[in-house]
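Examining the three-dimensional arrangement
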Amino acid sequence: MGAPGRPALADASASPVSAHTPQSLWSVILSFPPLDLCAAFDIICDHVGKDWRRLARQLKVSDSKIDAIEVKYPRNLTEQVRESLRVWKSSSGENAAAAHLVEALRACRLNLVADLVEEDQQARGLQRENESTGSTLSLMSWDLDTPTSGVSS
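Our subject in this report is the structure included herewith. (Residues numbered from 1 in each chain as written. Predicted model: local features only at pLDDT ≥ 70, side-chain atom pairs only at ≥ 80, totals over all residues. Heavy atoms only, no water.)

Brief notes about the overall build of the chain
Scanning the chain from N- to C-terminus turns up eight helices and zero strands. For the chain, the α and β elements follow one another from N to C terminus as α-α-α-α-α-α-α-α. Here the chain holds 153 residues, and the buried ones make up 25% of them. Pairs at least 24 residues apart make up 59% of the contacts formed inside the chain by residues separated by at least 6 positions. Approximately 11200 Å² of the chain is accessible, and the part contributed by carbon and sulfur atoms is 57%. (Helix = DSSP H or I, 4+ residues; strand = E, 2+ residues; numbered from the N terminus. Buried < 20%, exposed > 50% of the residue type's maximum accessible area, 1.4 Å probe, protein only. Contact = heavy atoms within 4.5 Å. Areas by Shrake-Rupley, 256 points an atom, 1.4 Å probe, with all protein chains shown as cover.)

Some thoughts on the pattern of salt bridges
One pass over the structure, following the stated rule, counts nine salt bridges. One connected set of salt bridges, linked through shared partners, spans Glu 79, Glu 83 and Arg 86. (Salt bridge = Lys/Arg side-chain N within 4 Å of Asp/Glu carboxyl O.)

Focus: the environment of Leu 105
Structurally, Leu 105 can be placed in helix H6 (residues 98–107). Exposure remark for Leu 105: the relative accessible area of 0% places this residue in the buried category. As a C-alpha pair, Leu 105 and Gln 58 span 47 residues in sequence and 8.3 Å in three-dimensional space.

See the structure below:
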């Protein structure tokens, strides 16, 4: 009950928001792969196809886990690929990186897919670089676009 003249406060434990403390929210966020890995996963899922088992073996996913993935997603090739990548990431932990995926793709002679992943990673690196120096570049390009006064061509 609230004090006289003041409204009673609601029980905080009844609030659905209280279940999501900042600490639990961070643990959920940190469980997702980094954006670079997510992008690599998307490219691989779109292009590997039925060769996913060979890639999974190259990534040291056990045959029993590969079989379990096939049972879990019997008619969904994309989910089979994605789940095998999740298993690899989970077992690799902090060592999971797009470069390891490219290596494995090349070992499986899936060079076109490896090239696509590398190109995407390079583009993301350039984008991050531009974002970190973006204010300087935009000011420089703005200065270049403005005509200088008193000078005619």
